[in-house]
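An overview of the molecular structure
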Amino acid sequence: MHFKNKHLSLESPQVMGILNVTPDSFSDGGKFNSLESSIDQAHKMISDGASILDIGGESTRPGAKAVSLQEELDRVVPVMEALATRFDVVLSIDTSKAKVMTEAVAAGADLINDVCALREEGALEAASSTNAAVCLMHMQGQPRSMQQSPRYEDVIQDILRFLEERVSQCTDAGIEKSRIIVDPGFGFGKTLDHNCEILAQLDAFSALGLPVLAGISRKSMFGALLGLEVHERLVPSVVSAVIAAQKGAKIIRVHDVKETVDALTLLKASQKG
């Protein structure tokens, strides 16, 4: 798949490392929100095998406070510029704001990863005006209230219909299908049962004919199912990454890069012949 001027084969699942430059992210808030520590963490994730880095300046965890446009720009643009000049990997901007999309792509982002699937004001036009790839994620409701009472007629079919509609909106706006990735949105307006059903039927989303991104790392579902705190969720996160890869996910978005890369390497070796 082409990401601006970079090509990344998705024949084997690729690992996207999460780099949150926020003070309040649910998993690593505050750890990497200085430029130097962000560069160091990026270097570590690349050394550990990440081929994509996802930089986010606003937490989308349930109940998180909104961040102003200027504050988000101040957080992510210097980091994006620094990483683009130092590393030859695909850089992703995790945002829903149109201005952040255009500024981040100008600073070096190759991919726009939007939990709102380009539904915020000006986002579709902003993404279309760049030559960056886009990832469209399904979310029921809004980040700050999405977990209050999620309901579906049929969770898989409802998400498929939503993603089909968003892909159609994108192509109508001039974004080629070759630039589009889809994400069913684990944990975004879903109950534990919904998340488990999505994981069980993740291969259904390959019917869209587009690469599927799975972001399950350290999710609340592991707390609900297994009674684990955020820092205890490494094993179920890695196991879920392997299941997702077996069911056709081409990009796995994770906090724990090395462990996930090792597991996917073992999966690939076991599938030879």
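Each chain has its residues counted from 1, following the order in which its sequence is written. Note on the predicted model: pLDDT of at least 70 is required for a residue's local features to be given, and 80 or more for side-chain atom pairs to be given and counted; whole-chain, interface and lining totals, by contrast, use all residues. Side-chain numbers come from the whole structure's heavy atoms, not from hydrogens or water.

With respect to the pairing of strand β6 (residues 111-114)
- The cut-offs for exposure are 20% and 50% of the maximum accessible area for each residue type, with area from a 1.4 Å probe on protein chains only; residues under the lower value are buried, those over the upper are exposed, and the others partly exposed. Counting from the N terminus, the helices are DSSP H or I runs at least four residues long and the strands are E runs at least two residues long. Side chains Leu111 and Asn113 of β6 all project onto a buried face; the interleaved residues Ile112 and Asp114 project onto the opposite face, where all are buried too.
- Bridge analysis of strand β5 (residues 90-94) against β6 gives 3 bridges, and the strand direction is parallel. When the sheet's bridge partners are listed, isoleucine 93 is paired in β6 with isoleucine 112.
- Only strands joined by at least two bridges in the DSSP assignment are considered to pair. Pairing of β6 with strand β7 (residues 133-137) involves 4 bridges; the strand directions are parallel. Residue asparagine 113 lies in a different strand from β7, and its bridge partner there is cysteine 135.

Some details on unusual backbone geometry
- Of note, the phi angle at lysine 4 is positive, near 55°, even though the residue is not glycine.
- Within the secondary structure layout, lysine 4 lies in the loop between β1 (2-3) and β2 (6-7).

Some thoughts on the environment of valine 235
- Looking at the element boundaries, valine 235 is found in helix α8 (residues 234-246).
- C-alpha separation for the pair valine 235 and phenylalanine 222, spaced 13 residues apart in sequence, amounts to 9.9 Å.

Focus on the nonpolar core
- Counting 74 residues, the largest nonpolar core has Leu53, Ile55, Leu83, Leu118, Leu202 and Phe205 as the members making the most contacts within it.
- Ranked by residues supplied to this core, first place goes to helix α5 (residues 155-172) with 8 residues.
- Once residues lying within four places of it in the same chain are set aside, the contact partners of leucine 53 are Gly17, Ala42, Met45, Ile46, Leu83, Val89, Val90, Leu91 and Ser92.
- Remark: nonpolar core denotes a set of buried residues (Ala, Val, Leu, Ile, Met, Phe, Trp, Tyr, Cys) joined through side-chain atoms within 4.5 Å. If you look at the next biggest cluster of nonpolar residues, it comprises 13 residues, including Met16, Ile52, Val90 and Cys135. Note on definitions: a residue-residue contact is assigned when non-hydrogen atoms from the two residues lie within 4.5 Å.

Notes on the confidence of the model for the protein
- Every residue carries a pLDDT, the predictor's confidence in it, which falls somewhere between 0 and 100. Taken as a whole, the protein shows an average pLDDT of 92; of its residues, 93% reach a score of 70 or greater.
- Within the model, pLDDT remains below 50 along residues 25-30, and this stretch shows 22 contacts once partners closer than five positions in the same chain are excluded.

Side note on a nonpolar patch on the surface
- Taken together, the side chains of Leu234, Val235 and Val239 present a nonpolar region at the surface, about 240 Å² in accessible area.
- Exposure remark for valine 235: the relative accessible area of 58% places this residue in the exposed category. Two distance rules govern patches: like charges are joined within 9 Å, and nonpolar side chains (Val, Leu, Ile, Met, Phe, Trp, Tyr) within 5 Å, applied only to residues with over 30% relative accessible area and no salt bridge. To be clear on the numbers: accessible area is Shrake-Rupley with a 1.4 Å probe, and residue cover counts the displayed protein chains and nothing else. One speaks of a salt bridge when a side-chain nitrogen belonging to Lys or Arg is within 4 Å of a carboxyl oxygen belonging to Asp or Glu.

Focus: the packing of helix α2 (residues 69-86) against helix α3 (residues 98-107)
- Between N-to-C directions, angles span 0 to 180 degrees; the directions come from axes that are lines fitted to C-alpha atoms, helices contributing only their stretch in contact. Direction vectors running N to C along α2 and α3 enclose 20°, while the axes themselves pass 8 Å from each other. As judged from the angle between their axes, α2 and α3 are roughly parallel. Judged by the twist between their axes, the crossing of α2 over α3 is right-handed. Taken together, the residues of α3 that come into contact with α2 (itself represented by Leu69, Glu72, Leu73, Val76, Val77, Met80, Glu81 and Ala84) are Lys99, Val100, Glu103, Ala104 and Ala107. Should an angle fall under 35 degrees it is called roughly parallel, over 145 degrees roughly antiparallel, and 65 to 115 degrees roughly perpendicular, with every other angle called oblique. Left-handed describes a crossing whose near helix is turned anticlockwise from the far helix by less than a right angle; the clockwise case is right-handed.

Examining the side chain of serine 51
- On the secondary structure map, serine 51 appears in the loop between α1 (35-47) and β4 (52-56).
- Given the relative accessible area of 14%, serine 51 is considered buried.
- At 2.7 Å, the side chain of serine 51 forms a polar contact with the side chain of glutamine 14.
- Not counting the four nearest positions on each side in its chain, serine 51 is found in contact with Leu8, Gln14, Val15, Val89 and Val90. Polar contacts, as used here, are pairs of N or O atoms within 3.5 Å; protein pairs need one atom able to donate a hydrogen and one able to accept it. Residues neighboring in sequence count only if both atoms are side-chain atoms.

Here we look at the packing of α5 against helix α6 (residues 192-200)
- One can describe the packing of α5 onto α6 by two numbers: an axis separation of 9 Å at closest approach and a directional angle of 75°. The orientation of α5 relative to α6 falls into the category roughly perpendicular. Residues Val155, Ile156 and Ile159 of α5 pack against His194, Glu197 and Ile198 of α6.
- Here the nonpolar group is Ala, Val, Leu, Ile, Met, Phe, Trp, Tyr, Cys and Pro; Asp, Glu, Lys and Arg are the charged ones; every other residue, Gly included, is treated as polar. Tallied by class, residues from the contact of α5 with α6 come to 4 nonpolar, 1 polar and 1 charged.

Focus on the environment of leucine 202
- Tracing the chain through its elements places leucine 202 in the loop between α6 and β9 (213-214).
- Given the relative accessible area of 1%, leucine 202 is considered buried.
- The spacing of leucine 202 and proline 184 is 18 residues in sequence and 8.3 Å in space, taken between C-alpha atoms.
- In this view, leucine 202 contacts Pro184, Phe186, Val212, Ala214, Ala244, Lys247 and Ala249; residues no more than four positions away in its chain are not counted.

A word on a negative patch on the surface
- Charged residues are defined here as Lys and Arg on the positive side and Asp and Glu on the negative side; His and the ends of the chain fall outside this count. Charge positions come from single atoms, namely NZ of Lys, CZ of Arg, CG of Asp or CD of Glu. Side chains of Glu153, Asp154, Asp193 and Glu197 sit close together on the surface and give a patch of like negative charge.
- Within the secondary structure, glutamate 197 is located in helix α6.

Description of the sheet that holds β7
- The 8 strands are arranged β8-β7-β6-β5-β4-β3-β10-β9 in an open sheet whose pairing can be described as parallel. The sheet is open, and its two borders are formed by β8 (180-183) and β9, each paired with just one other strand.
- One ladder, built from 5 bridges, connects strand β3 (residues 14-20) with β4; its direction is parallel. Bridge pairing links asparagine 20 to glycine 56 in β4.

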